[in-house]
Every structure is written in structure tokens, then in C-alpha cells.
Amino acid sequence: MKKLTRRDFMKISAAGASLLALSGYMGPLVSAMEMVLGGKEVSRTTGKFRKAVASTCLNCYARCGIFGYVDQNRVVKIDGNPLHPNNRGRICAKGQAGLNLLYDPERLQYPMKRTGARGENKWQRISWEEAYNELSGKLKELLQKGRPQELVIQSDRDITTQDFVRRFMNALGSPNALNHTALGGSNKKMAHRMTWGVDFDINDVAYTMYILNFGSNPYEAHILRTSFAQRIAEGRTIRMFDHRVYDRAKMVTFDVRCSQTAGRSDEWHPIKPGTDGIVALAMANMIMQENLHDARFLSDWTNYPAGALAGHLKQYTTEMAEKISGVPAADIKRIALEFAAAKPATTISTGGVTKHQNGVYAERCIALLNAITGNVDVKGGYCMPRIYDFKQPAPVPPVPSLKSAFISDPAYPLLTSEIPQRVIPLIEEGKEKVGVYIIYHHDPAYSEPENERVQKVLKDEKLIPYLVVVDSYLSETAGLADLVLPEATYLERYELESPPAFEMVPLVSLRQPIQPPNPQLEVVPFTEILMELAKRIGSPMSEFFTFNTYEDYMKGQIAAIPGLVRVGGMDYLKANGFWHESKKPQYKLYEKVGFNTPSKKFEIYSHTLEKMGYDPLPSYHPVKAHENMKRGELHLTTYQWNVHTHYRTANSKWLSEIVHNNPAWVNSRTAAERGISDGDRIRITSAAGSIITTAWVTEGIHPDVVAVSDNCGHWGYGKTAQAQRFGSDDPDTNLLWWGKEGNGAHPNSIIPLAFDTVGGGQGWMDTVVTVEKA
């Protein structure tokens with residue numbers, strides 16, 4: 001037998017990788033294998049097949065298709081659904097760790113009413129009957145006084161439960177159904193709606209030839225995470241599609257930090273925070289000067305002449321961009337020409353761009369690159385999301401005509417009811433009166449900027465007379481509530497989803513109970529709580545909630561999707577977890593119906609911005625907080641670990657064992673100038689306050705930046721989140737070993753409120769700080 005040398009091993013490995021990369025050849029075989037293996041698990045104790053229930057994950061916002069495996073009335077494993085067209089059987093650590101959240105020994109088990117002062121954590125157990133009577137009584141009182149708008153319901157991201165919340169609020173007469181998107185993605189939403197009429201872009205990276213990544217970290221923290229990351233990986237290998245073999249796509253990343261994505265790119269350019277827009281404009285200028293633009297797309301499908309655009313862009317030279325961003329002019333020119341020559345190509349941009357006070361304009365500048373190169377909604381390009389808009393079952397309650405400062409703040413005239421903003425500040429300033437404030441699966445006391453200020457407002461019974469928290473865990477915010485209602489987890493309830501489809505054919509994905517809630521736990525889905533409240537409030541509100549169950553409501557939602565109804569509707573979804581039409585993806589949808597903008601074109605020139613007194617063209621606007629920085633001051637940015645979803649997963653024992661503290665990234669040169677060594681305790685100070693954490697000294701961050709993740713430092717959310725060992729029915733909780741390492745520091749207390757003047761989104765990445773040895 002021939003001895004296997006290292007060279008032989010490398011050849012075999014390369015050959016194997018090439019075969020896997022040629023997914024066009026392997027596709028039918030892989031699909032057949034997945035169909036045999038998907039949804040099958042054998043119990044190690046009984047030797048019998050475990051019950052498999054298809055559902056949709058919600059431990060992050062990617063909404064991957066999953067199977068939950070039940071053995072002896074207990075969910076024992078969560079795995080990916082290999083037939084789901086988005087994640088195709090892959091799930092991340094967070095998806096698997098949903099078990100920890102389902103069986104968290106500290107999860108809320110019954111309704112509780114406050115007995116001490118807000119924040120004292122003194123509670124009285126009450127029945128659901130008492131809870132419903134008290135809360136419905138408060139709501140009836142608002143209606144009797146003619147002040148329905150004083151009910152505010154705020155949730156986390158805009159998942160489909162929010163549609164049901166809006167129905168409830170519309171029926172009651174309140175416009176204040178709010179979500180947390182404004183503190184995350186409202187700048188991106190605003191930029192895209194004004195530009196091409198959609199909320200965000202879907203980057204068809206599996207078929208692209210060039211990826212220009214601005215401030216995004218999809219290998220760890222993109223909103224569509226697993227589905228997106230695997231397609232980037234596919235695009236970064238030799239591929240076969242359209243009966244041809246294609247070389248790997250090049251990926252260039254501009255980011256202040258060498259993230260997992262930056263580190264796996266062909267090039268990483270550490271860029272000064274908030275300057276992505278001018279780099280994109282300089283690239284656009286170079287492409288127009290070199291006559292590499294797509295003249296036909298600009299002429300036929302944009303609302304601004306190519307000549308006028310070229311004239312506007314001339315001011316943005318590569319030398320100017322270098323001076324502002326720190327990225328060498330020669331690199332900006334070279335990358336611009338490479339991007340224009342590669343067909344197809346796409347940009348990616350998320351929080352590193354949009355979470356600045358100039359986020360709307362920066363996002364429009366990056367979108368422009370795709371328009372001038374003709375990469376809009378083409379295969380391998382910068383595409384519109386393919387989703388279903390679910391129908392509201394009749395009768396549909398009218399939209400309230402009452403005004404609300406939460407959604408029509410004069411300081412942010414472009415905001416809509418779907419992009420609310422500044423909730424706590426407006427309450428604090430007395431610009432909006434609140435009678436009952438219901439917070440659903442959201443933790444503003446921990447997760448919002450200047451969170452100590454937020455906590456003060458939430459404790460003030462004059463500003464917020466009645467505070468209700470609906471959650472599965474005793475979060476920092478729940479600890480301040482008057483009434484806490486225990487909600488079923490996403491593994492115990494129904495919801496419909498239509499996540500953006502990476503196969504470019506819209507899909508419907510079902511979330512259903514993998515296991516009904518434990519009878520010993522008095523937990524109820526929020527949708528059922530709202531249905532019961534509507535019935536107790538009575539006519540006319542109850543007339544809009546005549547369905548017997550939430551499942552009946554969902555049947556009404558999908559009634560307008562004939563293909564799904566034909567195959568069995570809800571029965572099909574329960575059996576398979578998802579549905580989509582069997583058809584080829586279609587690109588260039590705008591050629592059929594135009595763009596969803598006033599002109600039906602890609603609006604380089606925004607008349608909406610012009611009417612509001614803003615610059616109508618993509619242009620660079622520096623972050624004001626950065627303009628007068630003193631010597632020695634740094635930019636504080638935040639980031640997300642790949643095993644955590646912001647505040648929501650720190651109570652997972654598996655995930656917190658992996659990441660339970662969060663040292664600050666400090667550049668080695670910056671650290672040396674301050675006498676800081678790796679592992680030293682440091683103090684980070686802003687205008688809003690100080691935190692103390694540990695330094696991680698590295699070359700992988702811009703010298704003017706310090707970075708701290710946003711998921712650690714809990715003082716609530718249970719003992720696991722606080723890195724405290726405790727006894728429970730789960731023996732693992734008594735083996736929690738990382739308490740000696742601590743649970744890290746939370747940066748939000750020193751991040752001041754600072755909003756984009758156009759989109760109203762929080763400038764998470766714009767905090768100016770000093771760093772010193774503690």
C-alpha cells in the first residue's frame with residue numbers, strides 16, 4: 001500500500017472540495033439523501049423513531065426551518081429541516097440551543113403582580129382570571145375616557161405576531177403598535193423605501209462574481225444568518241450553474257473590526273467609522289469616469305440622467321475619500337474598477353453602515369453602486385426580497401385616525417407607523433401620554449441606549465401608570481413591571497412567517513408547537529392573551545376577533561394564496577413546515593410592474609427627501625459627533641457574537657458556556673500608547689457614563705476604535721445570564737463553572753441617545769469615548 005504523503009493528502013482534499021463545490025453535479029444526489037435522512041431520529045433508549053415536528057426557529061431572526069424531535073413527551077433535539085429552501089437543513093448553535101430556553105428552570109411559570117416598589121422584585125402569584133380582569137379593566141377605563149391612544153404595545157422585531165398586535169390595536173383605536181426595528185434597522189428601511197420601494201436588499205451571493213461588503217458580518221450576525229452565510233460560502237467556491245463552471249467570487253470587506261467575515265474575505269480594509277458612504281461615492285465616481293456604468297439601466301430604470309449623476313459624483317474623488325476614511329485612494333480605484341468589470345456583482349451592508357447618524361445616506365450611496373453597474377435584481381446581484389404579504393381575515397378593523405408622537409414626531413417627519421422611534425424619550429419629555437404600556441418580548445431596560453435613563457422612566461409611575469411585561473423570562477424590564485404575564489416560547493406556539501427567499505421564490509414557513517406547554521406551567525401565547533382581552537372588552541372590539549382559535553386566524557391569512565390552499569393549507573404546513581411554489585426563480589421583476597416608488601423607477605433623486613428639506617441625491621454627510629473629537633478620544637462600536645442574539649440568549653447554558661464575557665477589542669498601538677496590556681482591566685468613558693471591562697489587545701481593529709459586544713453584563717434574565725451557579729431540577733445549573741470569569745460588561749449604559757435625522761435610527765456606532773487603564 002502506497003504511503004500517503006502530505007502532498008497526496010492535499011491533492012485529495014482539493015479534489016474533494018472541488019467535487020462538493022460543483023453542486024450542480026451533486027444536487028440530485030444530495031437532495032435524495034436529504035429526503036431519506038431528513039426528519040428521522042432514533043431514540044437511544046427505546047430504539048424507536050422519535051416523533052419529528054416541523055417548525056420554524058425564532059432564536060434569531062433568520063427563521064430557519066427546523067425539526068424538533070420528541071422522545072417520551074420531551075423535546076430532546078432540534079435540527080435543521082433539509083428540505084426547507086432557505087437554510088436547507090443547516091442551523092446554528094442558537095437554533096440547537098432552543099432546548100435550553102424551553103426547559104430553562106427559571107422561566108416564568110404563572111402570572112405575577114407586583115407587591116413592592118417597581119424594581120424590588122416582590123411579587124404575588126395570581127391566576128390568569130385575575131390577570132385578565134385587571135388588565136382588561138385598565139383598557140376599558142382608557143376607552144371610557146376616550147383615550148385609546150394611551151395604550152402602547154411595544155415588541156421586539158417585526159415578526160408576524162406584530163400583525164396580530166396591529167389588528168388588536170386598530171380594533172381598540174390606538175395607533176401605538178410599535179416595534180424595536182427603529183433601534184436597529186430603520187435607517188436601512190428608510191433608505192431602501194425611498195430608493196426602490198422595498199425594505200431591504202437580498203444579495204444573490206451564491207451566483208455572484210464579486211461581493212463588496214460594507215460593515216456587515218454575515219458569518220456571525222446577519223439578520224438572515226445561516227441561510228445567507230452558506231450561500232456566501234457557495235459563491236466563494238468554484239461553482240456550476242447555467243451549464244457553466246464559474247470561478248469563485250471575490251469578497252472585499254470594509255469594516256472597523258476584523259470580524260469572522262472580514263477575516264475570511266480576500267481583502268479587509270479597516271475603515272474609519274461612519275465613512276462608508278464616501279468610499280462608495282468615490283467608487284461610483286470612478287466607475288462613471290471610466291465609462292463602466294450600465295447606461296441602459298440608468299436611462300430606462302432610474303429617475304436621474306447619467307450625465308447629471310456623473311457631474312454630481314465628480315466632487316467625490318478617491319483622494320478625498322482616502323483623507324476621510326483612511327482607505328488608500330489606489331485601493332478605492334482598483335476595487336471600483338474590479339466591481340464594475342465583474343458581472344454579476346453585489347454589495348452587502350448592514351449595521352456597520354446603518355447604525356450611524358448618517359446611516360440613511362450611507363445606505364443610499366451603497367445602493368447606488370448596484371444601480372450604476374446594472375446589478376439590480378439580476379441573478380447574482382442586488383435583489384428585491386421575495387415574500388408573501390399575509391391577508392387579514394375579515395372583518396378588518398379600521399386604521400385609527402388618532403395622531404401619535406411615537407410615529408409622527410416632527411423631528412423625524414419621514415417616520416411611518418411601521419418605523420416608530422424614541423418611545424422612552426418621548427414619554428420622558430411628556431410629548432406622549434401613556435396609560436398602559438405593554439412590552440412584549442422586548443427588554444428596553446437592558447437593550448436600549450442610555451439604559452439607566454430608560455430604567456428611571458420605566459420606574460416612574462407618573463410617566464407610566466401601568467406597566468405590563470409579557471415574556472418567558474424575568475428580564476431586566478420584567479423586574480420593573482406591575483404585571484408580568486408568562487408567554488409560551490416559540491417552540492410552544494403558532495405563527496406564520498414569510499422570510500425573504502434565497503431561492504427567489506416566495507415561501508410560507510410555519511411555526512407550530514413542537515411540544516404543548518407543560519401543564520404545570522401556566523404559559524399562554526401572546527396572540528391568545530390578546531384574543532381573550534378583546535372578548536372581555538366586548539363590542540365593537542370583539543367583533544374583529546370572532547375566530548375560535550389563532551389557527552383559524554392563520555387559515556384566514558393564507559386564504560389568498562391559492563397554491564397553498566390547493567395542497568391542503570394548514571394541514572400541509574403542519575406536515576412539512578413550509579410551502580413554496582415549484583417554479584423557477586424570476587429576476588428583473590421591475591420590468592413587469594416597475595419599482596414600488598412614485599416614479600416606478602429606481603429613485604437616485606429622492607423627491608421625498610427634497611420635500612422634507614433634505615439632500616435628494618446620494619451624498620456624504622459626516623457624523624456630527626465625530627467632527628470635533630479631541631486627541632486621544634476613540635470611537636466605541638458594538639458587535640454581536642455568533643452564538644448570541646443580542647439580549648435574548650444569555651440564559652442558554654450551552655451558549656453562555658461558549659461566550660459569557662466580552663473583553664473590549666483594543667488596537668495594539670492604541671493600547672501601547674495608554675500603557676494597556678492584554679488582559680488588563682480598563683475603563684471606557686463616554687458623555688453618558690463609564691464601564692469597566694477587560695482589554696483584548698489585537699491588530700484586528702482600527703486604531704481609532706474600541707469594540708464591545710452587546711450581549712453580556714446582565715443583572716436580570718436569570719442566574720445563568722448572570723453567571724451564577726444554582727440548584728434546580730436541571731443538574732447542569734449546579735455545575736456552572738464560569739462564574740469566576742464573570743458575565744462581562746454591557747456597553748449600552750454609556751451609549752447616548754443619538755439618532756439619524758432622516759431615518760430616526762439610533763447611532764449605535766457613534767459614541768465617542770476615552771479608554772484608560774482601570
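Keep in mind that this is a model prediction, so the values were computed, not measured.

## Some words on the overall build of the chain
- Looking only at helices and strands, the chain features 28 helices and 27 strands.
- A globule of 774 residues ought to have a C-alpha radius of gyration of about 28 Å, and the chain, at 26 Å, matches this closely.
- Along the first, second and third principal axes, the C-alpha set of the chain runs to 70 × 70 × 60 Å.
- The proportion of buried residues among the 774 residues of the chain is 59%.

## Digging into the sheet that holds strand β9 (residues 210-214)
- As summarised here, the arrangement of the four strands in space is β13-β12-β9-β14, forming an open sheet in which the pairing is parallel. Single-partner strands in this sheet number two, and they are β13 (267-269) and β14 (346-349). Within the sheet, the average angular offset between the axes of one strand and its neighbour, ignoring direction, is 15°.
- One ladder, built from four bridges, connects β9 with β14; its direction is parallel.

## So, the confidence of the model for the chain
- The share of residues in the chain with pLDDT of 70 or more is 92%, and the mean pLDDT across the chain is 92.
- The low-confidence segment residues 1-36 (pLDDT under 50) makes 18 contacts with residues lying over four places distant or belonging to another chain.

## Here's the deal with the domain arrangement of the chain
- For the chain, the domain assignment lists domain 1 (8-102), domain 2 (112-181 + 397-493 + 517-580), domain 3 (197-386 + 600-611) and domain 4 (624-773).
- Computed from C-alpha coordinates alone, the two centres of domain 2 and domain 4 are separated by 30 Å.
- Tallying the contact residues gives 27 residues for domain 2 and 29 residues for domain 4.
- Taking both partners together, domain 2 and domain 4 bury about 2,100 Å²; carbon and sulfur atoms supply 58% of that area.
- For the interface between domain 2 and domain 4, the tally reads one salt bridge.
- Where domain 2 meets domain 4, there are 14 residue pairs in polar contact (both at pLDDT 80 or more).
- Considering each element in turn, the side of domain 2 that touches domain 4 owes the most residues, four residues, to helix α19 (residues 451-459).
- Of the residues belonging to the side of domain 2 that touches domain 4, the class tally is eleven nonpolar, seven polar and nine charged.

## Quick word on helix α20 (residues 526-537)
- With twelve residues, α20 extends 16 Å from end C-alpha to end C-alpha; this agrees with the ideal 16 Å at 1.5 Å per step.
- Restricting attention to buried positions, one finds in α20 the residues Phe526, Thr527, Ile529, Leu530, Met531, Leu533, Ala534 and Ile537.
- Following α20 by one or two positions, Gly538 adopts a phi angle in the positive range, close to 90°.

## Considering the pairing of strand β18 (residues 483-486)
- Of the two faces of β18, both are covered, the one formed by Leu483 and Leu485 as well as the one formed by Val484 and Pro486.
- Looking at chain direction, strand β4 (residues 112-114) and β18 are connected through two bridges and run antiparallel. From the neighbouring strand, Lys113 faces β18, where its bridge partner is Leu483.
- Bridge count between strand β17 (residues 466-471) and β18: four bridges; the pairing is parallel.

## Some details on the packing of aromatic side chains
- Scanning the model with the defined rule gives 33 aromatic pairs in all.
- Look at Trp196 and Tyr382: their rings are 5.2 Å apart centre to centre, the planes differ by 15°, and that puts the pair in the stacked class. Of this pair, Trp196 sits in helix α7 (residues 186-196) while Tyr382 sits in strand β15 (residues 382-383), and the two are 186 residues apart along the sequence. Each member of the pair, Trp196 together with Tyr382, is buried.
- Ring centres of Trp301 and Tyr590 lie 5.0 Å apart, and the angle between their planes is 70°; on these two criteria the pair is classed as edge-to-face.

## What to know about empty space enclosed by the protein
- The full count for this structure, using the stated rule, is six cavities of 30 Å³ or more.
- Of the voids in this model, the largest cavity is the one considered here, and its volume is about 270 Å³.
- In terms of lining, the largest cavity is formed by 21 residues, of which the most central are Leu58, His441, Tyr490, Arg493 and Arg648.
- Classifying every residue of the lining of the largest cavity gives nine nonpolar, seven polar and five charged.

## Some details on the pattern of salt bridges
- Tallied over the full model, the rule gives 49 salt bridges.
- Its salt-bridge partner being Asp482, residue Arg114 comes within 2.5 Å of it at the nearest N-O pair. Here Arg114, found in strand β4, pairs with Asp482, found in the loop between β17 and β18; they are 368 residues apart in sequence, far enough to count as distant. A single burial state applies to Arg114 and to Asp482, both of which are buried.
- Connected via shared salt-bridge partners are Arg63, Glu487, Arg493, Glu495, Glu497 and Arg511.

## Quick notes on the environment of Gln724
- Within the fold, Gln724 resides in the loop between β26 (705-709) and β27 (767-773).
- Not counting chain neighbours up to four residues away, the residues in contact with Gln724 comprise Lys719 and Leu736.
- Polar side-chain contacts of Gln724 include one of 3.3 Å to the side chain of Gln722.

## What to know about the nonpolar core
- Leu212, Phe214, Phe254, Met283 and Leu369 are the most contacted members of the largest nonpolar core, which has 55 residues in total.
- Contributions of two or more residues to this core are made by β9, β12 (250-254), α10 (276-289), α11 (295-301), α12 (306-313), α14 (329-341) and α16 (359-372).
- Here this core gets ten residues from one element, more than from any other, and that element is α10.
- Here Leu369 is in contact with Leu212, Phe214, Ala280, Met283, Ala284, Ile287, Phe339 and Thr347, once residues within four sequence places are set aside.
- In terms of nonpolar packing, the next biggest core, distinct from the first, is built from 50 residues, Tyr132, Phe168, Tyr466 and Phe545 among them.

## Side note on the packing of helix α6 (residues 161-172) against α20
- One way to put it is that α6 packs onto α20 with a least axis distance of 10 Å and a crossing angle of 15°. When the axis of α6 is compared with that of α20, the two are roughly parallel. Handedness of the crossing formed by α6 with α20: left-handed. When α6 is examined against α20, the residues Thr161, Phe164, Val165, Phe168 and Leu172 are found in contact with a partner set consisting of Phe526, Thr527, Leu530, Met531, Leu533, Ala534 and Ile537.
- Taken together, the residues of the contact of α6 with α20 sort by class into ten nonpolar, two polar and no charged.

## Digging into the pairing of strand β2 (residues 65-71)
- With seven of seven residues buried, β2 lies mostly within the body of the structure.
- Side chains Gly65, Phe67, Tyr69 and Asp71 of β2 all project onto a buried face; the interleaved residues Ile66, Gly68 and Val70 project onto the opposite face, where all are buried too.
- Note that strand β1 (residues 51-56) and β2 share six bridges and pair antiparallel. Across the sheet, residue Thr56 finds its bridge partner in β2, namely Gly65.
- Judged from the six bridges that link them, β2 and strand β3 (residues 74-80) form a sheet pairing that is antiparallel. Across the sheet, the residue bridging to Gly68 is Ile78, located in β3.

About the cut-offs
- Residues numbered from 1 in each chain as written.
- Predicted model: local features only at pLDDT ≥ 70, side-chain atom pairs only at ≥ 80, totals over all residues.
- Heavy atoms only, no water.
- Helix = DSSP H or I, 4+ residues; strand = E, 2+ residues; numbered from the N terminus.
- Rg over C-alpha atoms; globule rule 2.2 N^0.38 Å.
- Buried < 20%, exposed > 50% of the residue type's maximum accessible area, 1.4 Å probe, protein only.
- Pairing = 2+ DSSP bridges.
- Axes fitted to C-alpha atoms, helices over the stretch in contact; angles between N-to-C directions.
- pLDDT = per-residue confidence, 0-100.
- Contact = heavy atoms within 4.5 Å.
- Domains from an automatic or database assignment.
- Buried area = accessible area lost by both parts, 1.4 Å probe.
- Salt bridge = Lys/Arg side-chain N within 4 Å of Asp/Glu carboxyl O.
- Polar contact = N/O pair within 3.5 Å; in protein donor to acceptor, adjacent residues only side chain to side chain.
- Nonpolar A, V, L, I, M, F, W, Y, C, P; charged D, E, K, R; others polar.
- Expected span 1.5 Å × (residues − 1).
- Phe/Tyr/Trp six-rings, centres within 6.5 Å; stacked < 30°, edge-to-face > 60°.
- 1 Å grid on protein atoms, 1.4 Å probe; cavity = no way out; pocket = protein on both sides within 12 Å on 5 of 7 lines; lining within 4 Å.
- Points joined across faces, edges and corners; volume = space filled by probe spheres on them.
- Core = buried A, V, L, I, M, F, W, Y, C linked by side-chain atoms within 4.5 Å.
- Parallel < 35°, antiparallel > 145°, perpendicular 65-115°, else oblique.
- Left-handed = near helix turned anticlockwise from the far one by under 90°.

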